[in-house]
Amino acid sequence: MKIEIFTDGACRGNPGPGGWGALLRSGEHERELFGGEENTTNNRMEMTAVIQALSALKRPSDVVLTTDSQYVRKGITEWITGWKQRGWKTAAKAPVKNAELWREIDALAAEHQIDWRWVKGHSGHAENERVDALANRGIDELKGMAR
């Protein structure tokens, strides 16, 4: 069975307090995940949402993963091959930012068949709006401001 995953990250200040959210859907079943970190970046929260969602899968799966982060989608589908060939350096020979998270996503992604999709954020896409709300809930709960 195909599993749909929707992910998002949020940050209040960049860096600043951040949150991540994920929605996993298999047929009629849905599971929401979210969390937060005190001092982080938006990109790290986007990546953490993917890591947490893929980590929640109990067996190798056929996944359609939708994110509003071009950084995540392009990083895993385009840029990572070159980074690995260059020993986790960018084309400009600088260390890849968030390399430990990229390694984690790469290892988790290798366990599944993943169709990586991008959707424009804040454009009325129902599931993207849901995971955006979950990411913000992660920040609110971290700050003791649960809505």
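Our structure's up above, just so we're on the same page.
Residues numbered from 1 in each chain as written. Predicted model: local features only at pLDDT ≥ 70, side-chain atom pairs only at ≥ 80, totals over all residues. Heavy atoms only, no water.

Draft legend 1. Seen up close, the overall build of the protein chain. Each helix and strand in the protein chain was counted, giving 4 helices and 5 strands. From first element to last, N terminus to C terminus, the protein chain shows the α and β order β-β-β-α-β-α-α-β-α. For 147 residues, the compact-globule estimate of 2.2 N^0.38 gives 15 Å, and the C-alpha radius of gyration of the protein chain, at 15 Å, lies within 12% of that figure. Projected onto its principal axes, the C-alpha coordinates of the protein chain cover approximately 45 × 40 × 30 Å. Across the 147 residues of the protein chain, 49% fall into the buried class. Counting only contacts in the protein chain whose residues sit at least 6 apart along the sequence, the fraction spanning at least 24 positions is 65%. Entry remark: accessible area of the protein chain is about 7,700 Å², with carbon and sulfur atoms responsible for 49%. (Helix = DSSP H or I, 4+ residues; strand = E, 2+ residues; numbered from the N terminus. Rg over C-alpha atoms; globule rule 2.2 N^0.38 Å. Buried < 20%, exposed > 50% of the residue type's maximum accessible area, 1.4 Å probe, protein only. Contact = heavy atoms within 4.5 Å. Areas by Shrake-Rupley, 256 points an atom, 1.4 Å probe, with all protein chains shown as cover.)

Draft legend 2. Local environment of the pattern of salt bridges. In total, this model carries 12 salt bridges according to the counting rule given. Its salt-bridge partner being Arg-12, residue Asp-140 comes within 2.9 Å of it at the nearest N-O pair. Here the residue Asp-140 occupies a position in helix 4 (residues 126–142), and Arg-12 occupies one in the loop between strand 1 (2–11) and strand 2 (16–26), the gap between them amounting to 128 residues. Since its relative accessible area comes to 4%, Asp-140 is described here as buried. The class of Arg-12 is partly exposed, set by a relative accessible area of 35%. Among the ionic contacts, a cluster of salt bridges with common partners joins Glu-4, Arg-25, Glu-30, Glu-32, Glu-127 and Arg-130. (Salt bridge = Lys/Arg side-chain N within 4 Å of Asp/Glu carboxyl O.)

Draft legend 3. Quick peek at the sheet that holds strand 4 (residues 62–67). Read across the open sheet, the 5 strands follow the order 3-2-1-4-5; overall the sheet is mixed. At either end of the open sheet lies a strand with only one pairing partner, and these are strand 3 (29–40) and strand 5 (113–118). Each strand axis lies, on average, 20° off the axis of its neighbour in the sheet, ignoring direction. Where strand 1 meets strand 2, 8 bridges bridge the pair, whose relative direction is antiparallel. (Pairing = 2+ DSSP bridges. Axes fitted to C-alpha atoms, helices over the stretch in contact; angles between N-to-C directions.)

Draft legend 4. Representation of the packing of aromatic side chains. A full pass over the atoms with the stated rule returns 5 aromatic pairs. Residues Tyr-71 and Trp-102 carry aromatic rings whose centres are separated by 5.2 Å and whose planes lie at 65° to one another, so their mutual orientation is edge-to-face. Highlighted residues: Tyr-71 in helix 2 (residues 70–85) and Trp-102 in helix 3 (residues 99–109), separated in sequence by 31 residues. Note on Tyr-71: relative accessible area 18%, which makes it buried. Judged by relative accessible area, which is 0%, Trp-102 ranks as buried. Between Trp-83 and Trp-88, the aromatic rings sit 6.4 Å apart at their centres with planes inclined by 40°, giving tilted as the arrangement. On the basis of relative accessibility, which here comes to 14%, the residue Trp-88 falls in the buried class. In this structure an aromatic cluster arises from ring pairing among Tyr-71, Trp-79, Trp-83, Trp-88 and Trp-102. (Phe/Tyr/Trp six-rings, centres within 6.5 Å; stacked < 30°, edge-to-face > 60°.)

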